[in-house]
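# A closer look at the structure
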Amino acid sequence: MTIQQVYQHIFRPKLLVRAARIGLQNYVRDKDLKHLLKVNRLPREGSAKEDLMLRESALEAARISGAASYSLIEHISVLTALLAEMNLILKQRGNAAV
């Protein structure tokens, strides 16, 4: 499955996706991804996608179920990082960013 196909299968509320895309404007991979993944050393570009997809999927399940532990801010942050990682992969492959 290509990155574009993965992205097309991520259906989220428009407002959530819009907030994540706006977050891309201020996203600093070195700082933000380290914070989200709780690591001291960044993974190579694009390699955090799988971890972020799993985390985002869990957040989406929590959002849908109405779990008290759900955090909208965390969801936007993870989705922003996921979009940024996907953009890096697309750029490495010479494709347009999402």
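Keep in mind the model is a prediction, meaning the values are calculated, not measured.

The geometry of helix α3 (residues 29-37) relative to helix α5 (residues 72-92) is characterised by a closest axis approach of 11 Å and an angle of 125 degrees between their N-to-C directions. As summarised for this structure, α3 and α5 are arranged oblique, according to the angle between their axes. Of the two possible hands of crossing, α3 and α5 adopt the one that is left-handed. Residue-level contacts link Arg 29, Leu 33 and Leu 36 of α3 to Ser 77, Val 78, Ala 81, Glu 85 and Leu 88 of α5. Residue composition of the contact of α3 with α5, grouped by class: 5 nonpolar, 1 polar and 2 charged.

Take the nonpolar core next. Of all hydrophobic cores here, the largest spans 16 residues; its most connected members are Tyr 27, Leu 33, Leu 52, Val 78, Leu 79, Ala 81 and Leu 82. Looking at which element gives the most residues to this core, the answer is α5, with 7 residues. Setting aside residues up to four positions removed in sequence, Val 78 forms contacts with Leu 36, Leu 52, Arg 55, Glu 56 and Leu 59.

Right, let's talk about α3 for a bit. Every α-helix winds through 3.6 residues per turn, so residues three or four apart in the chain are directed the same way. Looking at α3, one finds that the buried residues are Arg 29, Asp 32, Leu 33 and Leu 36. One face of α3 carries all of its buried residues, which in axial projection span an arc of 90 degrees. Facing away from the buried side of α3 by over 90 degrees, the exposed positions are Lys 31 and His 35. Against α4 (49-65) and α5 lie the buried residues of α3. One or two residues past the end of α3 sits Lys 38, with phi positive at roughly 55 degrees.

With that out of the way, let us pick up the side chain of Glu 56. Position of Glu 56 among the secondary structure elements: in helix α4. Engagement of the side chain of Glu 56 in a polar contact is seen with the side chain of His 75, the distance being 2.7 Å. Contacts of Glu 56, omitting those with residues within four sequence positions, involve Arg 12, His 75, Val 78, Leu 79 and Leu 82.

Contact geometry of helix α2 (residues 14-23) with α5 gives a least axis separation of 8 Å together with a crossing angle of 60 degrees. Considering their axes alone, α2 and α5 lie oblique with respect to each other. α2 and α5 meet at a crossing whose hand is right-handed. Two secondary-structure elements touch here, α2 through Leu 16, Val 17, Ala 19, Ala 20, Arg 21 and Gly 23 and α5 through Leu 72, His 75, Ile 76, Leu 79, Thr 80 and Leu 83. Here the contact of α2 with α5 is built from residues that sort into 8 nonpolar, 3 polar and 1 charged.

Reading the values: the criteria
Residues numbered from 1 in each chain as written. Predicted model: local features only at pLDDT ≥ 70, side-chain atom pairs only at ≥ 80, totals over all residues. Heavy atoms only, no water. Axes fitted to C-alpha atoms, helices over the stretch in contact; angles between N-to-C directions. Helix = DSSP H or I, 4+ residues; strand = E, 2+ residues; numbered from the N terminus. Parallel < 35°, antiparallel > 145°, perpendicular 65-115°, else oblique. Left-handed = near helix turned anticlockwise from the far one by under 90°. Contact = heavy atoms within 4.5 Å. Nonpolar A, V, L, I, M, F, W, Y, C, P; charged D, E, K, R; others polar. Core = buried A, V, L, I, M, F, W, Y, C linked by side-chain atoms within 4.5 Å. Buried < 20%, exposed > 50% of the residue type's maximum accessible area, 1.4 Å probe, protein only. Arc of directions from axis to C-beta. Polar contact = N/O pair within 3.5 Å; in protein donor to acceptor, adjacent residues only side chain to side chain.

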